[in-house]
Amino acid sequence: MSTYQVGYFVGSLSSTSINRTLSKALIAVAPPDLEFTEIPIGDLPLYSPDFDADYPPGPRALKEAIAASSAVLFVTPEYNRSIPGALKNAIDWASRPWGENSFNHVPAAVIGASPGQIGTALAQQSLRGVLSFCNARQMTSPEAYIRLAPGAITDDGEVTDESMKQFLTDFMQEFRDHVERVLTVLPRT
């Protein structure tokens, strides 16, 4: 059995992010052949094409972390009906300079949590548009707009709501299968 290295992004920089809590839950219910490494985004400078000829160390490390990953998982909140600026900035760094897009053909999945009724539906729609331009191979189903009620997931990632636990388990199994299908056709070198 192959092991797949999954780099994951938490779109929120908050130390109390419910999406960080969701990422812990996803890792806890994931198939055992997925290994996870968070790809940090909080210390990246703002992207500018002025850096394209000589990337700073942080953005270089970001691109190296994506290159070391078999797939990527985005766990993001919704800010003002879109994705957080820090996450968009990280994607901009990773997809540049022109011709060196780190997301090209990378298997990817998107999920997010919110206390609101629509979860992170609009943020995910926005993120999917960006990832389409970056040529990431997105898992399109199941969609996962998590309305996170207090106590449904503990701070250490234990899912206490059984129906949510089953949904997240199924989501991660589908992600694992998606990764295998994409890498069968488009292996990462």
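Located above this text is the structure these notes cover.
Residues numbered from 1 in each chain as written. Predicted model: local features only at pLDDT ≥ 70, side-chain atom pairs only at ≥ 80, totals over all residues. Heavy atoms only, no water.

Undergrad: It is not clear to me how the nonpolar core should be interpreted in this structure. Could you clarify?
TA: Here is a general trend for soluble globular proteins: nonpolar side chains tend to be buried in one another's company. Ranked by size, the top nonpolar core spans 31 residues in total, and within it Leu73, Ile111, Leu168, Met172 and Phe175 carry the most contacts. Elements supplying a minimum of two residues to this core: β1 (4-10), α1 (18-29), β2 (34-38), β3 (71-75), β4 (107-114) and α5 (162-185). Tallying contributions element by element places α5 first for this core, with 7 residues. If we skip the residues at most four places from it in the chain, Leu73 touches Val6, Gly7, Tyr8, Phe9, Leu26, Phe36, Ala109, Ile111, Phe171, Met172 and Phe175. (Core = buried A, V, L, I, M, F, W, Y, C linked by side-chain atoms within 4.5 Å. Buried < 20%, exposed > 50% of the residue type's maximum accessible area, 1.4 Å probe, protein only. Helix = DSSP H or I, 4+ residues; strand = E, 2+ residues; numbered from the N terminus. Contact = heavy atoms within 4.5 Å.)

Undergrad: How should I be thinking about the packing of α1 against α5 in this particular structure?
TA: The relative placement of two packed helices comes down to the angle between their axes together with the axis-to-axis distance. Where α1 contacts α5, the two axes come as close as 9 Å, and the packing angle between them is 70°. The angle between the axes of α1 and α5 places the two elements in the roughly perpendicular class. When the axes of α1 and α5 are compared, the crossing they make is right-handed. Where α1 abuts α5, its residues Leu22, Ala25, Leu26 and Val29 lie against Lys165, Leu168, Thr169, Phe171 and Met172. The residue makeup of the contact of α1 with α5, split by class, is 7 nonpolar, 1 polar and 1 charged. (Axes fitted to C-alpha atoms, helices over the stretch in contact; angles between N-to-C directions. Parallel < 35°, antiparallel > 145°, perpendicular 65-115°, else oblique. Left-handed = near helix turned anticlockwise from the far one by under 90°. Nonpolar A, V, L, I, M, F, W, Y, C, P; charged D, E, K, R; others polar.)

Undergrad: What is the right way to read the packing of aromatic side chains from this model?
TA: For any pair of aromatic rings, the description rests on two quantities: the centre-to-centre distance and the angle between the ring planes. Summed over the entire model, instances satisfying the criterion amount to 8 aromatic pairs. Measuring from ring centre to ring centre gives 6.4 Å for Tyr8 and Phe36, while their planes differ by 70°; the resulting arrangement is edge-to-face. Taken together, the positions of Tyr8 in strand β1 and Phe36 in strand β2 put the pair 28 residues apart, joining distant regions of the chain. Owing to a relative accessible area of 11%, Tyr8 belongs among the buried residues under this scheme. A centroid spacing of 5.1 Å and a plane angle of 90° characterise the contact between Tyr47 and Trp93, whose relative ring orientation is edge-to-face. Of the two residues, Tyr47 is situated in the loop between β2 and α2 (57-67) and Trp93 in helix α3 (residues 85-94); the sequence distance between them amounts to 46 residues. (Phe/Tyr/Trp six-rings, centres within 6.5 Å; stacked < 30°, edge-to-face > 60°.)

Undergrad: Even after reading the chapter, I still don't get α1, so can you show me in this structure?
TA: Along an α-helix, residues three or four apart share an orientation, since each turn contains 3.6 residues. Its 12 residues give α1 an end-to-end C-alpha distance of 17 Å, which sits within 8% of 16 Å, the value for a rise of 1.5 Å per residue. Those residues of α1 not exposed but buried are Asn19, Thr21, Leu22, Ser23, Ala25, Leu26 and Val29. Taken together, the buried residues of α1 touch β1, β3, β4, β6 (145-147) and α5. Two or three places before Asn19, at the start of α1, stands the capping residue Ser17, its side-chain oxygen 3.0 Å from that residue's backbone nitrogen. (Expected span 1.5 Å × (residues − 1). Polar contact = N/O pair within 3.5 Å; in protein donor to acceptor, adjacent residues only side chain to side chain.)

Undergrad: Explain the pattern of salt bridges here, please?
TA: Charged atoms that come close allow side chains of opposite charge to pair. Tallied over the full model, the rule gives 7 salt bridges. Among the salt bridges present, the one from Glu78 reaches Arg81, with a minimum N-O distance of 3.4 Å. The class of Glu78 is buried, set by a relative accessible area of 17%. With a shortest N-O distance of 3.0 Å, Arg176 and Glu180 are connected by a salt bridge. Here the residue Arg176 and the residue Glu180 both occupy positions in helix α5, the gap between them amounting to 4 residues, near one helical turn. With relative accessibility at 11%, the residue Arg176 sits in the buried group. Connected through shared salt-bridge partners, Asp33, Arg176, Asp177 and Glu180 make up one network. (Salt bridge = Lys/Arg side-chain N within 4 Å of Asp/Glu carboxyl O.)

Undergrad: For this particular structure, what's the right way to read α3?
TA: With 7 of its 10 residues buried, α3 lies for the most part within the structure. Along α3, the positions that sit buried rather than exposed are Ala86, Leu87, Asn89, Ala90, Ile91, Trp93 and Ala94. Residues of α3 that are buried in the fold lie against β1, α2, β3 and α4 (121-133).

Undergrad: Please clarify how the packing of α2 against α3 should be interpreted in this entry.
TA: Look at α2 against α3: their axes get within 9 Å of each other, and the N-to-C directions meet at 80°. With respect to their mutual orientation, α2 and α3 come out roughly perpendicular. Packed against α2, whose contacting residues are Pro59, Leu62, Lys63 and Ile66, the element α3 presents Ala90, Trp93 and Ala94 at the interface. Class assignment of the residues belonging to the contact of α2 with α3 gives a composition of 6 nonpolar, no polar and 1 charged.

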